[in-house]
Amino acid sequence: MQVFANYADRYRARGIILDPFQVEACGALDRGHDVLVSAPTGSGKTVVAHYAVELALASNQRCVYTAPIKALSNQKFAELKAMLGDEAVGLLTGDLSINRNAPILVVTTEVLRNMLFHSAPEIDDVGYVVLDEVHYLADPDRGPVWEEVILSLPSHVRLVSLSATVANTEEVAGWMRSVRGTTDLVVSDVRPVPLEQHVVLRSKLLPVYGPDGEPSSFLRNALAQRGQRDSREHSRLGDADRRRIIRLLEKRDMLPAIEFIFSRKGCDLAVTALKRHDVWLTSEAEQREIRKHVDAVRETLSESDRRAVHFESAANALLRGYGAHHAGILPALKSLTERLMEAGLLRIVYATGTLALGIDMPVRTVVLEELQRWNGEGFTDLTATEYTQLIGRAGRRGKDKVGHGVVMGTEELDPYALADLGSGRVEPLMSAFHPSYNTVVNLLADRTYDDARAIMGRSFAQYQRNADLADIEGRAARIRSRIAHEEQNLSCSHGDLVEYLRLRENLGRAAKSARKAAKREYRERIIDTFDRAQTGTLYAFARDKELEYGVVLSTDRANLRVLNWYGEVYWLREDQLSSELRDVEPFAMPMGLSLKSREVRDDIADSLYDAVSERVELGVDRDLLGSWARFAPPRDRAFVDHPVNECPDLAQHMRDGEVLLSLDARLREMVDLTENFTDSVGKDFDRTAAVLLELGILKDDDGVTLGRGATTLSHLHVDNDVLLYGCLSQLTEGELDGPAMAGWASMFLGEDRLGTRQPTWGILGQLANRARREADFLRGLEHRHEIVRTGEVTPGCADVFSAWCSGATLEDCLAMSHMVAGDFINASRRVIDLLGQIVVAGEGTWIEDVAREARDGMRRSELF
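Report on the accompanying structure. Computed from a prediction, not measured in an experiment: that's the story for all the values here.

1. Focus on the overall build of the protein chain
When you go through the protein chain residue by residue, the secondary structure sums to 34 helices and 24 strands. At 32 Å, the protein chain has a C-alpha radius of gyration in line with the 29 Å of a compact globule built from 864 residues. Put simply, the protein chain has 864 residues, and 54% of those count as buried. When contacts within the protein chain are restricted to residue pairs at least 6 apart in sequence, long-range pairs at least 24 apart make up 73% of them.

Here you go:
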């Protein structure tokens, strides 16, 4: 506790009193426990991480500090060096190694996973590991790495997991306890700087919330008036809008700000437009200070490099007090922008989602131009978690009394949806774990097959599915109970009605004439139920291929006025129905309340949902989504000869049995889900291992063990790991020199931006064709084993990386690739990382020498 007392005293000397959640989390570490900290962005989770560093130094142990991306690793490396001195801190990021024997080692999460898999000596005296941004568990591409670290970490190591606010922290902590032992969960939802949320409409800044926590009347009224007045306006912002926003924020003392545009081109155009209109936001003194920082970066770049990355244009914008920040910008320029903003020298930065990854650039105000973002394939709505993380950057502790989240208002903006986004509601963290080929061979390196497979059962993915299993099995039991009840109520004097209904359901297709008759009869049934619909009754029905529940408010000759379970009021026509109206129950509408009120409609919709929730969960009415063809009698003799088929009340019996058949179908779904969820990750492990057995990388001689090539594969930590291994094993000595090896390696990055253009450098075109054939073969093999692992070959920039490795300038390489500087540098760093893996995988062979030559050639510039 003396360590903590000294630690807290140092903060107190700076005028900072640690928050209760920080004290609680540090106390957990003092007790020798792991700790999971979940708190909002900017709340001070780093205090806990730095205490783990303090404890490691005090006990003469090492601390490994992980970050999800290289930019964050570099930032944390610089921060810890400033605190502890150069000798105390090292950095490992795959393509870079600095002072790797230091007591405090900053790494990317992938590097730590690789160290654990290969029992690296650096792990031996590690006492503490910090997993920053642990909510990355849910990332489809990189989430498995976080789980592999947690599953592989030695038990003596204390784990500090830092997460943004998520909905299921108890579940995450429960899983960690199941695999790591005692883990204290520390949760805080308190922001150190209060946040106010606004919407900008023209030159007005309107509050999102009213006194009651609902959307403010000012906002609702203004949006309604704007929708009427500006219905023909395009919602996308223009240059004048952005200048108006700056003036508005400046007038209200709400700068500095980050404005999220979610488009690289949009960010660049925003900066260009401000320069074109000669906008200056800095004083002469600030400009002098900015010039010092700019000059320092300029000296690190050649004239050609400066020209290639448009350095002087970007520097001119920074001098004026604004800039852009996205993945396409030269990393050195991005870092410069971050430092200038942190120093209070910039007024506004236009950014894409890269700033949402935890990079430390707090501001007074965050502006969101849209509530959608690009996900790599298309634009998708921001989730509540994403929205919360973005606006969470607003409000600087110790500088601002309040932070501001500002959304640009358009006629499409729904104030209720915005209020829900900003309410603090967040989504649960869902595991993205699956065993890769590399994972399988590394686990089998020092374990039996059964022991390696058992680790899959300890994954968070299986932990969540096991929890789902309990829910599924409980639901199946309720469906069986309901089925038994329905069976008791179904009878026919001619024979076994239940048997007949199920026989009819499972027999073959009816004759065409019977199907036509069934369609006509079911349409008549729809018309009949529509004509007999009564006000004040809750019905189930299918419309636009979706199941709905709604209460009839009134009727006229051709329409029913309906309030559905979404709170929507509309006129329903008979021809819009694809099913009958199934009577659920009478529903009493509240008296004296106006349905014009959104709040009233939402309250009634909640009551409707409560009334039908059991039916929805059990699938009672899902048969309404089925085709009318289900009512056509099949041609099978077993059906024709069944005694119930002659019953004069058969039509009524069919109606009475619809719920039973719907429940039967739902029960079959539950049984299939139970089968799929039980040991699902273990089965995925089996399927992945089966592919490796066919390839000979594993062998089965009285137990599955490592075969030919497994050691090589174990060092290849890339999504296309087996593809790379297969192509690597087909290379012959002398086929590649260093530059060609660099270009060849880039084909396996699986990065869409690199493209699929056929390379022309030396033999690379032939090798690209060979890689494509190998990828097709692997995908066919994987298809048979019901897994998806191998991605596309991406040789589109292989010539460019070969040219760079041979000495081409950055300017020439960007022209050849049609890439922007940031993308080229980031891809080059991935190539360097991969070449380092190939060096290790090819140890003792010609491949090691050529891969090392290629890696050294790629590293020839200070840009890396």
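2. Some words on the packing of aromatic side chains
Evaluation of the coordinates by the stated rule reveals 14 aromatic pairs. Taking 5.1 Å as the distance between ring centres and 45° as the angle between the ring planes, the aromatic pair formed by Tyr7 and Tyr51 counts as tilted. Placement of the pair is Tyr7 in helix α1 (residues 2-13) and Tyr51 in helix α3 (residues 46-58), with a sequence separation of 44 residues. Judged by relative accessible area, Tyr7 falls into the buried class, the value being 3%. Between Trp565 and Tyr609, the aromatic rings sit 5.9 Å apart at their centres with planes inclined by 25°, giving stacked as the arrangement. With Trp565 in the loop between β20 (559-564) and β21 (569-573) and Tyr609 in helix α22 (residues 598-618), the pair connects residues that are 44 residues apart, well separated along the chain. Among the residues examined, Tyr609 registers a relative accessible area of 41% and is labelled partly exposed. Three or more aromatic residues joined by ring pairs form one cluster here, namely Phe4, Tyr7, Tyr11 and Tyr51. Looking at Arg598, its charged tip hangs above the ring of Tyr416, at a distance of 4.3 Å from the centre.

3. Points about the packing of helix α26 (residues 680-695) against helix α30 (residues 764-784)
Two numbers describe how α26 lies on α30: the axes approach to 9 Å, and their chain directions differ by 130°. Of the possible angle classes, the one that applies to α26 and α30 is oblique. Crossing geometry of α26 relative to α30 is assigned as right-handed. Touching Val691, Glu694 and Leu695 of α26 are Phe777, Leu778, Leu781, Glu782 and Arg784, all from α30. Across the contact of α26 with α30, the residue classes break down as 5 nonpolar, no polar and 3 charged.

4. Re the pairing of strand β9 (residues 195-201)
Counting buried residues in β9 gives 5 out of 7 residues, a clear majority hidden from the surface. As paired elements, β9 and strand β17 (residues 403-408) share 6 bridges and run parallel to each other. Paired with Leu195 across the two strands is Gly403, which belongs to β17. Where β9 hands over to strand β10 (residues 204-207), the hairpin turn is made up of 2 residues, of which Arg202 adopts a positive phi near 55°.

5. A few points about the sheet that holds β17
Here 7 strands make up an open sheet; going across it, the order is β10-β9-β17-β14-β11-β13-β12 and the pairing mixed. Each of the sheet's edge strands pairs with one partner strand only, and the pair in question is β10 and β12 (322-325). Strand-to-strand, the axes of this sheet are offset by a mean angle of 25°, without reference to chain direction. Pairing analysis gives 4 bridges linking strand β11 (residues 257-260) to strand β13 (residues 348-351), with the strands arranged parallel. Residue pairing for β13: Ala257 is matched across the bridge by Ile348. Most of the contacts of helix α15 (residues 384-391) go to strand β14 (residues 365-368), to which it runs at about 140°, and overall it touches β9, β11, β14 and β17.

6. A few points about helix α5 (residues 109-117)
The element α5 is extensively covered by neighbouring structure, given that 8 of its 9 residues are classed as buried. For α5, the full list of buried residues reads Thr109, Val111, Leu112, Arg113, Asn114, Met115, Leu116 and Phe117. Buried residues in α5 make contact with β2 (62-67), β3 (89-92), β5 (104-108), β6 (126-131), α6 (143-152) and α17 (437-444). At the C-terminal side of α5, Ser119 shows a positive phi close to 50°.

7. As for the packing of helix α18 (residues 449-457) against α26
α26 packs onto α18 with a crossing angle of 130° between their chain directions and a minimal axis gap of 8 Å. Viewed along their axes, α18 and α26 adopt a mutual orientation that is oblique. For the element pair α18 and α26, the recorded crossing hand is right-handed. The segment α18 lies against α26, with Tyr449, Ala452, Arg453 and Met456 engaging Val681, Gly682, Lys683, Phe685, Asp686 and Ala689. A class-by-class count of the residues in the contact of α18 with α26 yields 6 nonpolar, 1 polar and 3 charged.

8. Brief notes about the sheet that holds β3
Strand order in this open sheet of 8 strands is β4-β3-β5-β2-β6-β7-β1-β8, and the pairing throughout is mixed. In this open sheet, the two strands that pair with only one neighbour each are β4 (97-98) and β8 (183-187). Relative to β8, strand β1 (residues 34-38) is paired through 5 bridges, and the arrangement is parallel. Bridge pairing in β8 links Val35 to Asp184. Across the sheet, α5 touches β2, β3, β5 and β6, and the angle it forms with β5 is around 105°.

9. Here we look at a nonpolar patch on the surface
Among the surface-exposed residues, Leu57, Met83 and Leu84 lie close enough to one another that they form a single nonpolar patch of about 240 Å² accessible area. A residue is classified by how much of its surface remains accessible, and Met83, at 46% relative accessible area, is partly exposed.

10. Considerations on the side chain of His785
Looking at the secondary structure, you find His785 in the loop between α30 and α31 (798-805). Judged by relative accessible area, which is 18%, His785 ranks as buried. With residues near it in sequence (within four places) discarded, His785 still touches Arg687, Ala690, Val691 and Glu694.

11. Regarding the pairing of β2
Counted residue by residue, β2 has 6 buried out of 6 residues, so it is predominantly covered. Going residue by residue along β2, you find Arg62, Val64 and Thr66 tucked away on one face and Cys63, Tyr65 and Ala67 tucked away on the opposite face as well. Relative to β5, β2 is paired through 5 bridges, and the arrangement is parallel. Bridging across to β5, Cys63 finds its partner in Ile104.

12. Some remarks on the pattern of salt bridges
Summed over the entire model, instances satisfying the criterion amount to 59 salt bridges. Between Arg142 and Glu110 there is a salt bridge whose closest N-O contact spans 2.9 Å. Of this pair, Arg142 sits in the loop between β6 and α6 while Glu110 sits in helix α5, and the two are 32 residues apart along the sequence. One network of salt bridges, with partners in common, ties together Arg525, Glu580, Arg582, Arg615, Asp621, Asp623 and Glu658.

13. What about unusual backbone geometry?
The residue after Leu255, namely Pro256, is reached through a cis peptide bond having omega 10°. Assignment of secondary structure puts Pro256 in the loop between α9 (239-251) and β11. Unlike most non-glycine residues, Glu133 shows phi in positive territory, near 55°. Summarising the element assignment, Glu133 is placed in the loop between β6 and α6. With a phi close to 55°, His310 is a non-glycine residue in the positive phi region. Following the sequence through the fold, His310 ends up in the loop between α12 (303-308) and α13 (311-320).

14. A short note on the side chain of Arg666
Relative to the helices and strands, Arg666 is located in helix α25 (residues 658-677). Polar contacts involving the side chain of Arg666 include one to the side chain of Glu669, which spans 2.7 Å. If we skip the residues at most four places from it in the chain, Arg666 touches Arg475, Ile479, Glu617, Leu618, Gly619 and Arg622.

15. Quick look at the nonpolar core
Generally speaking, soluble globular proteins have nonpolar side chains that are buried together. The biggest cluster of nonpolar side chains holds 183 residues, and the ones touching the most others in it are Leu368, Trp744, Phe824 and Ile838. Among the elements that take part in this core, helix α33 (residues 821-841) stands out by supplying 11 residues, more than any other. Those residues in contact with Ile838 that lie beyond four places of it in its chain are Leu716, Leu724, Leu728, Trp744, Ala745, Ile847 and Ala851. Within the second largest apolar cluster, 35 residues are counted, among which are Val48, Tyr51, Val106 and Val130.

The rules we used
Note on numbering: residues in each chain are counted from 1, in written sequence order. For this predicted model, a pLDDT threshold of at least 70 governs which residues receive local features, and a threshold of 80 or more governs which side-chain atom pairs are given and counted, while totals over whole chains, interfaces and linings are taken from all residues. The side-chain quantities take in all heavy atoms of the structure and omit both hydrogens and water. Here a helix means four or more residues in a row that DSSP labels H or I, a strand means two or more in a row labelled E, and each is numbered from the N terminus. What the globule rule says is 2.2 Å times the number of residues to the power 0.38, and the radius of gyration is computed from C-alpha atoms. Exposed residues in this analysis have more than 50% of their type's maximum accessible area, buried residues have under 20%, and partly exposed residues fall in between, with area computed by a 1.4 Å probe over protein chains only. Contacts are residue-level and defined by heavy atoms, with any inter-residue pair within 4.5 Å sufficient. By convention, a stacked pair of Phe, Tyr or Trp rings (six-membered ring in the case of Trp) has centres within 6.5 Å and planes under 30 degrees apart, an edge-to-face pair has planes over 60 apart, and any other such pair is tilted. To sit over a ring, a charge needs its Lys NZ or Arg CZ within 6 Å of the ring centre and within 35 degrees of the ring normal. Angular values range over 0 to 180 degrees, each being the angle between N-to-C directions of two axes fitted as lines to C-alpha atoms, with helices fitted over their stretch in contact. When an angle is under 35 degrees it counts as roughly parallel; over 145 it counts as roughly antiparallel; between 65 and 115 it counts as roughly perpendicular; any other value is oblique. By convention, the crossing between two helices is left-handed when the near helix turns anticlockwise from the far helix through less than a right angle, and right-handed when the turn is clockwise. Side-chain classes are defined by residue name, with Ala, Val, Leu, Ile, Met, Phe, Trp, Tyr, Cys and Pro counting as nonpolar, Asp, Glu, Lys and Arg as charged, and the others, Gly among them, as polar. A pair of strands is considered paired only if DSSP assigns at least 2 bridges between the two. Note that patches include only residues with greater than 30% relative accessible area and no salt bridge, and the join distances are 9 Å for like charges and 5 Å for nonpolar side chains (Val, Leu, Ile, Met, Phe, Trp, Tyr). Under the convention used here, a 1.4 Å probe and the Shrake-Rupley method define accessible areas, while residue burial counts only the protein chains that appear. When a carboxyl oxygen of Asp or Glu lies within 4 Å of a side-chain nitrogen of Lys or Arg, that pair is called a salt bridge. We define a polar contact as two N or O atoms separated by no more than 3.5 Å, with the added condition that, inside protein, one atom must be a possible hydrogen donor and the other a possible acceptor, whereas residues neighbouring each other in sequence contribute only through side-chain atom pairs. Note on terminology: a nonpolar core comprises buried Ala, Val, Leu, Ile, Met, Phe, Trp, Tyr and Cys residues joined through side-chain atoms within 4.5 Å.

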